Structure formats: structure tokens, C-alpha cells
Amino acid sequence: MFLRYLVSMPNPEIHHIVLLGAGYGGLRTALDLAQSCRRHGLERRITLIDRGHRHQLITRLHQVATDSVPADEAALPIVDLLPPGAVEILQGNVESIDPQEKSIRVDGESISYDRLVIALGSEAATPPIPGLREHSLPLRWWQDAIHLRDHLQQAFANAGQATDPVIRQSWLRIAVVGGGSTGCQIAGEIAHWVTGLADSHGVPVSEIHLLLLEAGPGLLQDCTPSMGEKAASVLGRKGIDVRCDCPLEGVDPEGINFAGERFPCRTVIWSGGIQGNPLLASSGFEVDGRGKLRVDDRLRLEAYPEIYAIGDAITFEVDGDPLPATAAVALRQGAYVATALSDEIIGRPPKPFQPRDLGLLVSLGGGDATGIVLGVPLEGSAAGLVKESVERWYVATVTRKLPLVDL
């Protein structure tokens, strides 16, 4: 009997791997890929490009916006997170991607690649609702959270100085538009924060009106119906005016219009969904109705198999349902792509991406949350404790206080 051994040979065509975006997925790809190359003794050039110099903890933005965590705890310097010398870090704005030439343009400079990972995240979707773009506050990035925090603090200061009760009440009325996870999280946190703000500025707590508006039939439409029902119940108990089946009709400096009603207010927070980075469509890639890329079972573009895409930049369906746009999904995809790239370099065919449903948690303010973890429903302070523990674990892994583990 003769034994045959299939010996994998390193791929000589892969020299330079470029990663676009240092969010959850992009950073995890960089960390795992650098670790794998070191473990296998592979010398490859890895470049991570991001428009900023910080890794933003998007899942903590609602806490930054309500001053419950310091802003610098939700934005970690990228250079501190990557092993020295393992990854080249480039700060700049990606202007275009040319898949035919295998190059990208960053601040006027052309950079070639052998493999590309698109992890550019998403942007707030702004439908053509009159006044929405001009008169609402988004909560998508770290800078948005800081701006919203400062705005809310100034709003209560203005209310404390107002002598006209109508003007005072307009500063104390807050509309959160969009009942997805971002909307529920920021509404829940604001409900706990505003009592202290009111006391510090000498305004009546009874005049505060926090409205959460959702166009669909219920909250958390991308989650299970039970999660949406629990969220509505918890937020309602916190004094939030939850309205569903109420599409926004218009926004102006003094309030919003919806479902034939008028809600006078000076603060409108928009959390009505996300869309893919416009760069993807402008670079000529085929995108879906939300501006996101479609990928194969190895998270690659079918027309350009040398390009991987992950996180909010893509739509990946399982049994006809798209995976949710969460940090946990982006992390799992980032870990997979790092392994797939290592396999390619070594000369081993990558295995298909197999997503794991570890669960989903949505915080609702004041240490409360709702969700499902490993198939077990959780709510209240128990769910909040698990979510906070997951957040701390993540920070410990990217700061190398704990080892990275397979997701």
C-alpha cells in the first residue's frame, strides 16, 4: 500500500494584503492575520487603512452620548491595539477602489493589493423626508455621540434659563426616531440621564417628554418579536412614549410631524437604519437596495474573488434571512477571513463561512437589556450584566490583556 501526502505550497502571488476599515471586523481580521502569519513563519505585508486613528466601540456610543462612560473609553488608538511591526497602519480617506487594476486610491495616492478586505462599515440611511438631514442628529459614529451629548447638556441648560414655559418645554422634549437597537438603546439611556440633568438645571422633571417613534409595527424588527415586545414594555415603564406604526413625515427646527400629529421639540435623534458606504457603488461594484455588497459562501465578491468583504458592508443570508448588522457578526466574519487568507497564503483551499448564532443583546438603559444568549432568553438586569461582561471581555482581548479566541 502506498500513502499519498498532499503537501500545501505557499501561494507566491499574495504579497500585499490591504484591509479597509478598523471597525470590529477589520481590526479582528488584522489581529488574527498578523498572529497567523507569525505562527506559520510567513512574511507578508499587511496594511490597515482607516479614516481615523481610533477603533470606535460602536456598541458603547449610546453610553458616550449620555455621559455614562468617558468618551475615550469608546475610542481606542489603533496603534496601541496591533502588535508592533506586524501591521502597517495608514490613516486616510479611501476615495475609490479599482478592482480591475487591483488598486485603491487613498488621499490621491494609489495603493496596489494582492488581496483586499472591505470592512468599511455603514452609514446612517437618510430617506428623503423633508428636513431630516438638516434638523436631526445621527448616532452612528463616536463624534456623533459626543455632539449629541453636548447638545443634550446645552438643551437642558437652555431650558433652565428659559422664562417662557413653551420654550422651556420645547427644550425638554426629545424625539428618537427609529425603533431598532440603536434607537432603543439611546432612548433607554436618555430616560435615566435626564432626571439628573433636570435637577442640575432646576427644571421640572414632569415636563420632560421622551418620544420613541417607529414606522413599523413594533420595536427591534430585525430581532425576534418577543425581544421587541419586551423592549417596548421595559421602555414604557421607564416613562418613554413608544409609538409604532408612525412613519416620520417631516422635521423642522421646532419639531416633527408624523401620522397626522405634531410633536414640538428641539432635539430629534435619527436612528432609522443604515446603508452601505456610498464608495462601494461609486467604485462600480454591484450592490443591493441598501447599498451593500453580496458575497459568496467564502465572503468574497463573485466577480473578484481576490476581494473579501465583511460586516456592515455586506448582505449575507442564512436560509433566506440576512445576518444582523451587529458587532458580534462582524467579529466572526473578521476571524473567518483571517483564516481564509492564511489558508490561501499557505496554499490550502478555504472552507465556507459557517456563522454561529451565539445570540443578541440590546441594552435598554440603566443596566437593563433584552436578548437571547445561546438560545436562552434573558431580560432585565441579568441581560444587562451579560452584555456589560461581553463588552469588557472584548476590550480585554483587543488590548491583549486576554487572548483572542475562536468565535
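A quick note: this is a predicted structure, and the numbers were derived from the prediction, not measured.

J.: I tried to follow the pairing of strand β17 (residues 261-264) on my own but got confused; where do I start?
T.: Every other side chain in a regular strand lies on the same face of the sheet, so the side chains alternate between the two faces. Note that strand β16 (residues 255-258) and β17 share 4 bridges and pair antiparallel. Across the sheet, residue asparagine 257 finds its bridge partner in β17, namely arginine 262.

J.: Looking at this structure, how should I read the environment of isoleucine 49?
T.: Mapped onto the elements of the fold, isoleucine 49 is located in strand β2 (residues 45-50). By relative accessible area, isoleucine 49 is classed as buried at 1%.

J.: I keep staring at the pairing of strand β9 (residues 115-118) and nothing clicks. Help me out?
T.: Because side chains alternate across β9, one face comprises the buried residues Arg115 and Val117, and the other comprises Leu116 and Ile118, equally buried. Taken together, the 4 bridges between strand β1 (residues 16-20) and β9 define a ladder with parallel strand orientation. Residue valine 18 lies in a different strand from β9, and its bridge partner there is leucine 116. Bridge analysis of β9 against strand β22 (residues 304-309) gives 3 bridges, and the strand direction is parallel. Counted as the bridge partner of leucine 116 is isoleucine 307 from β22.

J.: Explain the packing of helix α1 (residues 24-40) against helix α9 (residues 327-346) here, please?
T.: Helix-helix packing: each pair is described by the crossing angle between the helix axes and the interaxial distance. Two numbers describe how α1 lies on α9: the axes approach to 7 Å, and their chain directions differ by 30°. Taken together, the axis directions place α1 and α9 in an arrangement best described as roughly parallel. As for how α1 packs across α9, the hand of that crossing is right-handed. Taken together, the residues of α9 that come into contact with α1 (itself represented by Tyr24, Gly25, Arg28, Thr29, Asp32, Leu33, Ser36, Cys37 and His40) are Ala327, Ala330, Leu331, Gly334, Ala335, Val337, Ala338, Leu341, Ser342, Ile345 and Ile346. Its residues assigned to classes, the contact of α1 with α9 comprises 12 nonpolar, 6 polar and 2 charged.

J.: Even after reading the chapter, I still don't get the nonpolar core, so can you show me in this structure?
T.: The nonpolar side chains of a soluble globular protein tend to be buried, and buried together. Ranked by internal contacts, the top residues of the largest apolar core, which has 106 residues, are Leu20, Ile97, Ile104 and Ile118. A per-element tally of this core places α9 first, with 10 residues. Residues in contact with isoleucine 104, not counting those within four places in the same chain, are Val18, Leu20, Ile49, Ser96, Ile97, Glu109, Ser110, Ile111, Tyr113 and Leu116. Core analysis: the second largest hydrophobic core is formed by 15 residues, Leu132, Leu211, Cys246 and Val268 among them.

J.: Any chance you could explain the packing of aromatic side chains here in plain terms?
T.: Geometrically, a pair of aromatic rings is defined through the distance of the ring centres and the angle of the planes. The final tally for this structure, using the stated rule, is 4 aromatic pairs. Here phenylalanine 316 and phenylalanine 353 contribute two aromatic rings whose centre-to-centre distance is 5.3 Å and whose plane-to-plane angle is 75°, an arrangement assigned as edge-to-face. Of this pair, phenylalanine 316 sits in the loop between β23 (314-315) and β24 (317-318) while phenylalanine 353 sits in the loop between α9 and β26 (359-365); the two residues are 37 residues apart in sequence, bridging distant segments of the chain. Across the pair, phenylalanine 353 and phenylalanine 316 agree in class, each one buried.

Thresholds applied
Residues numbered from 1 in each chain as written. Predicted model: local features only at pLDDT ≥ 70, side-chain atom pairs only at ≥ 80, totals over all residues. Heavy atoms only, no water. Pairing = 2+ DSSP bridges. Helix = DSSP H or I, 4+ residues; strand = E, 2+ residues; numbered from the N terminus. Buried < 20%, exposed > 50% of the residue type's maximum accessible area, 1.4 Å probe, protein only. Axes fitted to C-alpha atoms, helices over the stretch in contact; angles between N-to-C directions. Parallel < 35°, antiparallel > 145°, perpendicular 65-115°, else oblique. Left-handed = near helix turned anticlockwise from the far one by under 90°. Contact = heavy atoms within 4.5 Å. Nonpolar A, V, L, I, M, F, W, Y, C, P; charged D, E, K, R; others polar. Core = buried A, V, L, I, M, F, W, Y, C linked by side-chain atoms within 4.5 Å. Phe/Tyr/Trp six-rings, centres within 6.5 Å; stacked < 30°, edge-to-face > 60°.

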